[in-house]
Structure formats: C-alpha cells, structure tokens
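Chain by chain, the residues:
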Amino acid sequence: MCGIVGYVGERDCSEVLLNALSKLEYRGYDSAGIAVFENDEIFVEKAKGELKNLRQKLEDGHKPDGHVGVGHTRWATHGEPSDINSHPHGNKRVSIVHNGIIENYKDIKKFLVSKGYTFDSETDTETVAKLLDYYYEGDPVDAIIKTLNDVRGAYALGIVFKDFPDRIFAVRKDSPLIIGVGEEENFIASDVPAILQYTKKYYLLKRNEIATIKSDRVEFCDIHRQPIVKEVQVSDLDMDAAEKGGYEHFMLKEIHEQPNAVKTTITPRIVNGMPDISECGLTIEDLKKYRKLFIVACGTAMHAGVVGKYVIEKLARVEVTVDIASEFRYRNPIITEDDLVIVISQSGETADTKAALELAQSKGAKVLGIVNVKGSSIARNSDMVIYTHAGPEISVASTKAFSVQMSVMYLLAFELAYAKGEISQEECKRLTAELAKIPDYIEKTMECEKDCQRVASKLIKAQSLMYIGRGLDYALSMEGSLKLKEISYIHSESYAAGELKHGTISLIEDGVPVISVATQGELLEKMVSNIVEVKSRGAFTITVCKEGEEFSADLNDEIIEVPALEDVLMPMLTVIPLQLIAYYTTVLKGLNVDKPRNLAKSVTVE
C-alpha cells in the first residue's frame, strides 16, 4: 500500500517528508519520491528501491530548500518499479502523489492524448496529474472537483500547484488520508505513525472531502464547494509504539506484544464474569435473532474467521460461512435481513473487504466490523464496530492482529452460545474465565522460542513444506503456512490432514518437511495416523502439540510443545510457535523480515 505525506510550515520540508515516509515503510513499497517548492518552483526527485536510495540521491545531487511539499512511497500496480514510474507525477504546473487505483485511466489517457498531452510513465497516476493540469484555469479546487467527476476508482491524493506555493491540497475516496495539525504547521499522511513525531492531533478526511492545507489553517469543502467544519481528533498512539523497542525486527517485537494485546482487547469486554460486546450495539436480544453468520475477510484475518467458524458452530450451533472477501462479492451470496455479516480487517481499509461490507448492507444485512484502526473506512461504514487493541502493527506479516481477532471471535462465540441457550451462564463464565487467562499462557508459550529457532535452522534449505491439521488445527496450519511463505519465500501449502490421500500425499518424498499441528484431543489419534503416512514416505516430521503428549519414538523428528488447555482454546497458543518458526527461518535466510517483497501492509486495491 502506497504511503503519502505532505508538509506546510517552517521546517526543512525535505527532511520532514523523508522522516515521515520512514515511518510508513512498514506498508511495503518499491520506490519513493518528493515534490518540494523551492523559489516558487516545484522541485521533484524520486528513486527506485528503498527510501535510503532517495535520500542518497538528494544528498549527492540537489536537496531542495523549501517549506511546502508532498512525498510518497509507491507499491507498484501499473508499471514496473522504476524512477520514471515513481511518484510524484505531473509537470511544472501541478504535481501529485496518489494512493489507490484509477479504474478508467486508459480512457482518461486516450482523451488527454487527443488534447496533445504526452506521457512519460506507465502509471494510472500520471493520467490524474495531467487531467488536473487540463482542467486547471487558476482555481485549484475547481480543477480538483472537475477531475474527481471524471475519475473512477480508489484514491487518496496529495496535490501541489505551482501558482500556490504556500499550500497543499488533499482529497480522498476509499484510500485513507489524514490531516495532521501542528503549531503553525500542518501535515497530510496515509497513517498516524507518519506524523507522531510532530503532532498527535489530526483531522479525518472523509470520502470526496477536499482539504486546503496552509501553515496556519486547514479548510475543508465538499465537491459542491460547501464548507465543512471538522473536529480535531487526538491519537492515543505514541512514538515508542512505532519503534522496535530493542527487538531486532518489528515482527519479533509484535509477536512478544501478543499477551498484552490480547489482555487489552478482552479485559474491558468481560463484565461480571460474562462476555460483553454490547459496546458495539450488539445485544443479547440481537444475537438471539440471527439465523446465520457470514465472516468475510482476507489473508490472516480470514484465518481468524475460520477459527471463529469452528468455535461458533461448536458452541452456539449457529451456521457460519467464511468467505474470502474477493470471492464473496462476486458469488452473489444469499444474504437476508436475518443474517449477521462480520468483516475483519486489521487496517480497516482492505479494499475487497470494504466492497463486501457494502454488498452485505445492500442486501439488508447488518454488518459488524472487527478492526484495529479507529476511524478507518470499515469502522465508519459498519453498522457496529468492535475495535481490537493491538496497537500499531508495523511488520507486514500480521501476528498480534491475528491473536486479537481470534480473541474477539471467542468473546462473540461465548456470548452467542449463551444467547442461543446452547450453554448455561455457568459454562459461559467458565469459558470466559479461561479466555481471561490466555495472556499468561501466551507468555509461557514463548518459552518454546529456542525450539522454534532449532526447527527453523532445519528448514532454511527446504524447497517446499507442507502443514497439516484437523479441525481448529487445520485453521492454524493455514495461518502457519501463510506466515512462512510470505516472509521466507519458501513454497508452503496447508491441507486438512484427512485430504492427504486424496492427492496431496504424492508431494511427499525424502526430506520434505511436514509440520503437523496436533492439539485437538478428539482428533489426535487420526492425526497420528496422518503423521505415520507422511513419515513412511520420507517426510521430515515436525509436530506442534500439547505438553505431555506421548508419541512413538520414531514418529517425529522435532516436537514443539505448548501449554495444554482445553481443545477449543488451543489456537490462541498454537499460533505462537508457528509465527516464531516463520520468523526465525526468514532471519536465518538473511531476508527482510518486516518488509517482504511484493507485499504491502494494507491492500487498498482489488
């Protein structure tokens, strides 16, 4: 996901932009650039690769001395990563940075070519810059409004016009953008961490609101030029939360933050020993009436949804369908007003998940959003919201967000089961009390870190891995496999263990690592049979199981034990060694743990 920053004030604008962009590196990017006013001219510099390449280019060449400008880190969608395709885009009159995707850019480009415009890049963004130039006749806001009327897609734009060297302009639709508020200085940014070193105050820019940002004030209007009055928000994040805190990587820091993140998420939602999620407006009476639940999410959040499905169906006996958001919106799902649709997203800006939310509401269903970012698009547009309290998650590979998403799923499952009369109040309190102990159990689970390092050392030369599990363990095997492949680049697949003989066991040969997740007591005997199947075909077997489980001496090459809880709660602990195995495998391979190639923290395009 691209990162946008902008600054108007008395500081060295180039330094502010570079510093702010460095705080957005976690989002994933392949190039960076800035546009800064110097002597009333727009000076642009950009570079492929890491932000340090741009800084070096500026230091070796010319670093503009100015106080107004915009900056960008790009994640390629249209056109390969290159200096030319990097943002900002434009000409001597107008320059822009853009997050999102312009769906009709080819039509716009064709129109502009007919008007005599030429294009240097392969990007969709350049068409917006040139369209702004086409419409610009001295009034920037008028040009922005006319451009927005022609553009289809998702966007957040930071814009500078040569004729107005004392200000920047911003507008958004679907892609996030905030306006930071300082003392005689103001900012724009894609995310709060970019500006925390300067201010905690910000305005939340809503869809198609246009902001004019000067050093001493910020003015807002809609696309009809009607003024808008907005309230200043105050972030509760701090700079320490966005730093590594002594850990080698953000991912390891965030793995170790899970006990506190889970505790912070569940503690306020336990009242008199019972789960209580009524803060979002979802009452016991509401829960009683829902016929069916849909859980819609992408990637890791979807795996949290699968855990939710198993637990809800087991305890509450309510049918749950889990959908990948990008598929949900195109399969014409059968949803009624009696159904509840739950959308899960760490960022609250996931494009496909947002589209699924809109589809569900168009069919009359209520939508419950489970998100980590306050004021995000999904948070604003959902009928009900439960905020997780993971704090900022910097590493692209999600860890603590997954744990807090699961913990919310448990709270919902317990309360729904009680509402439906499937468990007694006594049993609901017992389960909730066990969930409340999970942070301490996660701390204890971290003691397996050395074992995970040892296992990782035996995986670094693997060409391919397989993860297997049954029931809740299958949901965790999917998450473990995703973690490993997304950061270590080792091909990995997860399978329901019972499916091995239906084709996938053909992949097993001498030395192929198979990680078995085997924590579900009622399924353990069957899992042992599956481990025997792969072991007999030459697999290098690694098993994650409860403490005290006994296996035949020759069954497992490696065993990682986690504290023993009742089966239904085991995913909260099982995920820890799976995350650590992925982390240490990647470290031992010498790869960039926090910023894996081709990935972005928040996916705001389809």
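Above: the structure in question.
Residues numbered from 1 in each chain as written. Predicted model: local features only at pLDDT ≥ 70, side-chain atom pairs only at ≥ 80, totals over all residues. Heavy atoms only, no water.

## Focus on the overall build of the protein chain
And then number 1: When you go through the protein chain residue by residue, the secondary structure sums to 19 helices and 27 strands.
And then number 2: Rg of the C-alpha trace for the protein chain: 25 Å, near the compact-globule value of 25 Å for 606 residues, within the 12% margin.
And then number 3: Its C-alpha atoms give the protein chain principal-axis dimensions of about 75 × 55 × 45 Å.
And then number 4: By the burial criterion, 60% of the 606 residues in the protein chain qualify as buried.
And then number 5: Sequence separation of at least 24 residues holds for 71% of the intrachain contacts in the protein chain that already meet a minimum separation of 6.
And then number 6: Here the protein chain has roughly 23200 Å² of accessible surface; of this, 46% comes from carbon and sulfur atoms. (Helix = DSSP H or I, 4+ residues; strand = E, 2+ residues; numbered from the N terminus. Rg over C-alpha atoms; globule rule 2.2 N^0.38 Å. Buried < 20%, exposed > 50% of the residue type's maximum accessible area, 1.4 Å probe, protein only. Contact = heavy atoms within 4.5 Å. Areas by Shrake-Rupley, 256 points an atom, 1.4 Å probe, with all protein chains shown as cover.)

## Thoughts on the sheet that holds strand S8 (residues 168–173)
And then number 1: An order of S5-S6-S7-S8-S12-S13-S14 is seen for the seven strands of this open sheet, with the pairing classed as antiparallel. Where the open sheet ends on each side, the last strands, each with one partner, are strand S5 (89–90) and strand S14 (227–228).
And then number 2: Taken together, the nine bridges between strand S6 (residues 94–102) and strand S7 (residues 153–161) define a ladder with antiparallel strand orientation. Bridge pairing in S7 links valine 94 to phenylalanine 161. (Pairing = 2+ DSSP bridges.)

## A short note on the sheet that holds strand S10 (residues 186–189)
And then number 1: Pairing in this open sheet of eight strands is antiparallel, and the strands run S3-S2-S4-S1-S10-S9-S11-S15 from one edge to the other. Each having just a single partner strand, strand S3 (41–48) and strand S15 (233–234) make up the two edges of the open sheet.
And then number 2: Here strand S1 (residues 3–8) pairs with S10 via four bridges, running antiparallel. Paired with glycine 6 across the strands is isoleucine 188, a residue of S10.

## Description of unusual backbone geometry
And then number 1: Note that the residue after histidine 87, namely proline 88, is joined by a cis bond; omega there is 5°.
And then number 2: Position of proline 88 among the secondary structure elements: in the loop between strand S4 (68–74) and S5.
And then number 3: At asparagine 39, a position not held by glycine, the phi torsion is positive, near 55°.
And then number 4: In this structure, asparagine 39 sits in the loop between strand S2 (31–38) and S3.
And then number 5: Look at asparagine 39 and you get exposed, because its relative accessible area is 71%.
And then number 6: In this model, asparagine 208 sits at a positive phi of 60°, which is unusual for a non-glycine residue.
And then number 7: Note that asparagine 208 resides in the loop between strand S11 (201–204) and strand S12 (210–213).
And then number 8: Note on asparagine 208: relative accessible area 21%, which makes it partly exposed.

## Let's talk about the pattern of salt bridges
And then number 1: Evaluation of the coordinates by the stated rule reveals 40 salt bridges.
And then number 2: Each member of the salt-bridge network shares a partner with another, and the members are Glu15, Arg55, Glu59 and Lys63. (Salt bridge = Lys/Arg side-chain N within 4 Å of Asp/Glu carboxyl O.)

## Some remarks on the packing of aromatic side chains
Any aromatic ring pair is given by two values, namely how distant the centres are and how the planes are angled relative to each other.
And then number 1: In total, this model carries eleven aromatic pairs according to the counting rule given.
And then number 2: The interplanar angle of 75° and the centroid separation of 5.0 Å between the aromatic rings of tyrosine 203 and phenylalanine 220 together place this pair among those described as edge-to-face. One end of the pair, tyrosine 203, is in strand S11; the other, phenylalanine 220, is in strand S13 (residues 218–221), and 17 residues separate them in sequence.
And then number 3: On the basis of relative accessibility, which here comes to 7%, the residue phenylalanine 220 falls in the buried class.
And then number 4: By the ring-pair criterion, three or more aromatic residues cluster together here, those being Tyr136, Phe161, Phe164 and Phe169.
And then number 5: The ring of phenylalanine 119 carries lysine 130 above its face, with NZ or CZ at 4.8 Å from the centroid.
And then number 6: Positioned above the aromatic ring of phenylalanine 220, the side-chain terminus of lysine 230 is 5.5 Å from the ring centre. (Phe/Tyr/Trp six-rings, centres within 6.5 Å; stacked < 30°, edge-to-face > 60°. Lys NZ or Arg CZ within 6 Å of the ring centre and 35° of its normal.)

## Structural notes on the side chain of threonine 265
And then number 1: Inspection of the secondary structure puts threonine 265 in helix H7 (residues 258–266).
And then number 2: Polar side-chain contacts of threonine 265 include one of 2.9 Å to the backbone oxygen of alanine 261.
And then number 3: Look past the residues within four positions of threonine 265 in its chain and what remains in contact with it is Thr388, His389, Val404, Ser407 and Val408. (Polar contact = N/O pair within 3.5 Å; in protein donor to acceptor, adjacent residues only side chain to side chain.)

## Structural notes on helix H4 (residues 125–135)
And then number 1: Of all eleven residues making up H4, ten are buried, and the element is well covered by its neighbours.
And then number 2: Buried within H4 are the following residues: Thr125, Glu126, Thr127, Val128, Ala129, Lys130, Leu131, Leu132, Asp133 and Tyr135.
And then number 3: Buried residues along H4 sit in contact with S5, S6, helix H3 (105–114), helix H5 (140–150) and S7.

## Quick word on the pairing of strand S23 (residues 464–469)
And then number 1: Extensive coverage of S23 is indicated by the burial of five of its six residues.
And then number 2: Across six bridges, the pairing between S23 and strand S24 (residues 491–496) is parallel. Bridge assignment links leucine 465 to a residue of S24, and that residue is serine 492.
And then number 3: The pairing of S23 with strand S25 (residues 513–518) spans three bridges and is parallel. Paired with isoleucine 468 across the strands is serine 516, a residue of S25.

## Let's talk about the nonpolar core
And then number 1: Of all hydrophobic cores here, the largest spans 91 residues; its most connected members are Leu282, Leu293, Ile312, Ile342, Tyr410 and Phe414.
And then number 2: Considering each element in turn, this core owes the most residues, 13 residues, to helix H13 (residues 400–419).
And then number 3: Counting residues in hydrophobic clusters, the runner-up holds 29 residues, among them Leu132, Tyr136, Leu148 and Tyr155. (Core = buried A, V, L, I, M, F, W, Y, C linked by side-chain atoms within 4.5 Å.)

## What about the environment of serine 477?
And then number 1: Topologically, serine 477 is positioned in helix H17 (residues 472–488).
And then number 2: On the basis of relative accessible area, serine 477 is assigned to the buried category, the value being 0%.
And then number 3: For the pair serine 477 and leucine 578, spaced 101 residues apart in sequence, the C-alpha separation works out to 8.2 Å.
And then number 4: Not counting chain neighbours up to four residues away, the residues in contact with serine 477 comprise Tyr467, Ile468, Gly469, Ser494, Tyr495 and Val517.
And then number 5: Separated by 2.7 Å, the side chain of serine 477 and the backbone oxygen of tyrosine 474 make a polar contact.

## Comments concerning the side chain of serine 492
And then number 1: You can see serine 492 is positioned in strand S24.
And then number 2: Taking relative accessible area as the criterion, serine 492 reaches 0% and is therefore assigned buried.

## Some words on the environment of valine 373
And then number 1: Tracing the backbone shows valine 373 in the loop between strand S21 (366–371) and helix H12 (377–381).
And then number 2: Along the primary structure valine 373 and glycine 348 are separated by 25 residues, whereas in three dimensions their C-alpha atoms are 6.1 Å apart.
And then number 3: Every residue in contact with valine 373, bar those within four places of it in the chain, is listed here: Gln346, Ser347, Ala379 and Tyr387.

## Focus: helix H19 (residues 571–588)
And then number 1: With 18 residues, H19 should reach 26 Å at 1.5 Å per residue; the first-to-last C-alpha distance of 26 Å fits that figure.
And then number 2: Across the 18 residues that make up H19, a large majority, 16, are buried. (Expected span 1.5 Å × (residues − 1).)

## Description of the pairing of strand S26 (residues 540–546)
And then number 1: Of all seven residues making up S26, six are buried, and the element is well covered by its neighbours.
And then number 2: Here S25 runs beside S26; their pairing, made up of six bridges, is parallel. Counted as the bridge partner of valine 514 is threonine 541 from S26.
And then number 3: Once you follow S25 into helix H18 (residues 524–535) and on to S26, the crossover reads as right-handed.
And then number 4: Where S26 lies against strand S27 (residues 558–562), five bridges are found, and the strand directions are parallel. Looking at the pairing, isoleucine 542 lines up with glutamate 558 of S27. (Right-handed = clockwise from strand over helix to strand, strands pointing away.)

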